[in-house]
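For reference, the chains in residue letters:
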Amino acid sequence: MRPDPHSYADVDQPRTRSIDLALRVNFSRRTLEGEIALHFHEPAVGNLDLDTRDLRIDSVTSLDGAPLRYELAPAQPILGSRLRVTLPSRADGARIRYGTSPAASALQWLEPAQTAGGQSFLFSQCQPIHARSLAPLQDTPRIRITIGSARFTVPSQLRTLMAAASKGREPSSDTEAVDVFEMPQPIPPYLLAFAVGDVTPRELSPRCAVWAERPLADAAAYEFAEAESMLRAGEELFGPYEWDRYDVLLMPPSFPYGGMENPRLTFVTPSVLAGDRSLVSVIAHELAHAWTGNLVTNASANDFWLNEGFTVYAERRILEALYGRDVAELHAASGRHDLQTALDRFAARPELTRLRTDLEGVDPDEAYSSVPYEKGYLLLRKLEEVAGRPAWDRFLRAYLGKFRFQSITTDDFLQFLETQLPGLAARAGALEFIDRPGLPGDAPQARSARLEALRSGGAEPRNPTELLVVLQTTAPDVTKLRELDSRWDLSRRKSLELRHTFVLLQLRAGMPEGVDGARRVLLETGRMRYLRPIYTELARRDPAAARRIYDDARAGYHHIARTVVEAVLKEQSAER
Ligand SMILES: [Zn+2]
């Protein structure tokens, strides 16, 4: 049986328990060459179906080297190619020699000119279903794996970082070295992650460090200085941190997301380097994934809200614990604004605005939006409000304990909720959130005196988060926008959160300087959170400018971001 619509993995076949990886990183050919060994839970016989995408398979053998029969099926557009291996009796694993394609969807290879430090840089992004372009494996979160050993042969002036425990570096030649890792905690394959570059650490606490290219290391250490206190707040709320270290790697600007919760080593966009620590909620979010997402994991992309809704909820609880209820409510208000944008975007595809989705035949990258994040948050907040916080917090601890290191469905969550807090889901109308499109009329609202004062104009914003909430409720009026710009210097702010919100208002108001502002944002970052809304607005108003800017910026974008922008440009030209 194949329970995950995005994987060929068959749960009636042997399941991988652990992998070993040995890969040579070739920057000039933009390939990884090497092998993976898969170790099974139980010896088995018969077929083993693996996920692959754009891989060249050189050989498949048993663990001790006896050749095995295999067949690589033609590629399917979303899933890639099934690799079917025929296992002899009592097979305890398989060893596959292979190479990746320069177009591997999990990898981005950066030229020295595209990095802050002027050295080549490589990073992986495996969520949701890109791990299969790195290595042949069972690419479904249902099958968690440990990593016995991962060995990366890299140019010796560069260093590999992996979301795993470092076992040091072995010299291999005059020009190359081998960086060695292991990962004792079982992870879903989408959390396989590594980067290779000229990076240096800054210690933040005995268990936290930030890594960055040299020119950005000090700025990153300043921005993320609160990581340890966030980690402690997380432990207070959700129980012990299970992953030993918590490090942060500052990515190049092309990184398509705000952050990626790779265990032990969050990858984070440099667009959060606002210089004033105003955007560190991204760190609270990625750290919260240590419990929600990495410890308790969605069984497939259909249940993505279990990862992201819980994590937004956990992130705001951490913010509340550290900075107070008013701050958490400001973030909730901003999140509600993001959710509305996503609901509008999917007006013609309302099925994608349910929490529980059916993504058979749909690319999860295409279905990606704020909905599982912010609608999921609102459901959990609703459950908290109906249950009362003490009972809800007891439930959360029990939930994280019951399903730790497991991958679960929405049904598993609902059944456990019913055993712990009978009747709560019905009283809160949980299924309205889970299985209906849009947002129920009685969804919770962010509320605080500060928020009301800011929205009514009765208070001046005191910090960037408050300013953002004000901007999000500002009408696109030329006079008003000029006044705000001279008061707050919005078109020159370092914070892309503020600047992109302001640029959107300028574009909506038809101000020509909006196009210049848009151009600057779009060339500065490859983070989809900013690309999507700005390209959408720009393409609606000035499609030629949108196309021109994209032609200049494209080389600096990740392929996931390119797909998104190209879809936006195509859609807008179709509407005209
Ligand atoms: Zn997340």
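Everything discussed here concerns the structure shown above.
The notes below deal with the structure included here.

Basis of the calculations
Residues numbered from 1 in each chain as written. Predicted model: local features only at pLDDT ≥ 70, side-chain atom pairs only at ≥ 80, totals over all residues. Heavy atoms only, no water. Buried < 20%, exposed > 50% of the residue type's maximum accessible area, 1.4 Å probe, protein only. Helix = DSSP H or I, 4+ residues; strand = E, 2+ residues; numbered from the N terminus. Pairing = 2+ DSSP bridges. Expected span 1.5 Å × (residues − 1). Contact = heavy atoms within 4.5 Å. Donors = N, O, S within 2.8 Å, 3.2 Å for Na, K, Ca; no water. Polar contact = N/O pair within 3.5 Å; in protein donor to acceptor, adjacent residues only side chain to side chain.

**What about the pairing of strand 15 (residues 246-250)?**
Counting buried residues along strand 15, five of its five residues qualify, which places the element largely inside the surrounding structure. The alternating pattern of strand 15 places Tyr-246, Val-248 and Leu-250 and Asp-247 and Leu-249 on opposite faces, both of which are buried. When strand 14 (residues 208-213) meets strand 15, the two strands line up parallel, connected through four bridges. Across the sheet, the residue bridging to Ala-209 is Asp-247, located in strand 15.

**Examining helix 2 (residues 227-238)**
The end-to-end C-alpha distance of helix 2, which contains twelve residues, comes to 16 Å, matching closely the 16 Å that a straight helix rising 1.5 Å per residue would cover. The complete set of buried residues in helix 2 reads Ala-227, Glu-228, Met-230, Leu-231, Ala-233, Gly-234 and Phe-238. Looking at the packing, one finds that the buried side of helix 2 touches strand 13 (199-205), strand 14, strand 15, helix 3 (281-288), helix 4 (304-323) and helix 8 (389-402). Looking at the residues trailing helix 2, positive phi occurs at Gly-239, about 100°.

**Overview of the coordination of the zinc ion**
Ligation of the zinc ion by protein atoms is provided by His-285 (NE2), His-289 (NE2), Glu-308 (OE) and Glu-308 (OE), these donors lying 2.0 to 2.7 Å from the ion. As a motif over one chain, the donors of the zinc ion read H-x3-H-x18-E. Highlighted residues: His-289 in the loop between helix 3 and strand 18 (296-298) and Glu-308 in helix 4, separated in sequence by 19 residues. Classification of His-289 as buried rests on a relative accessible area of 0%.

**Thoughts on the side chain of Lys-382**
Here Lys-382 lies in helix 7 (residues 371-387). Reaching out from Lys-382, the side chain makes a polar contact with the side chain of Asp-442 at a distance of 3.1 Å. Those residues in contact with Lys-382, other than ones at most four positions away along the chain, are Ala-428, Phe-433, Asp-442 and Pro-444.

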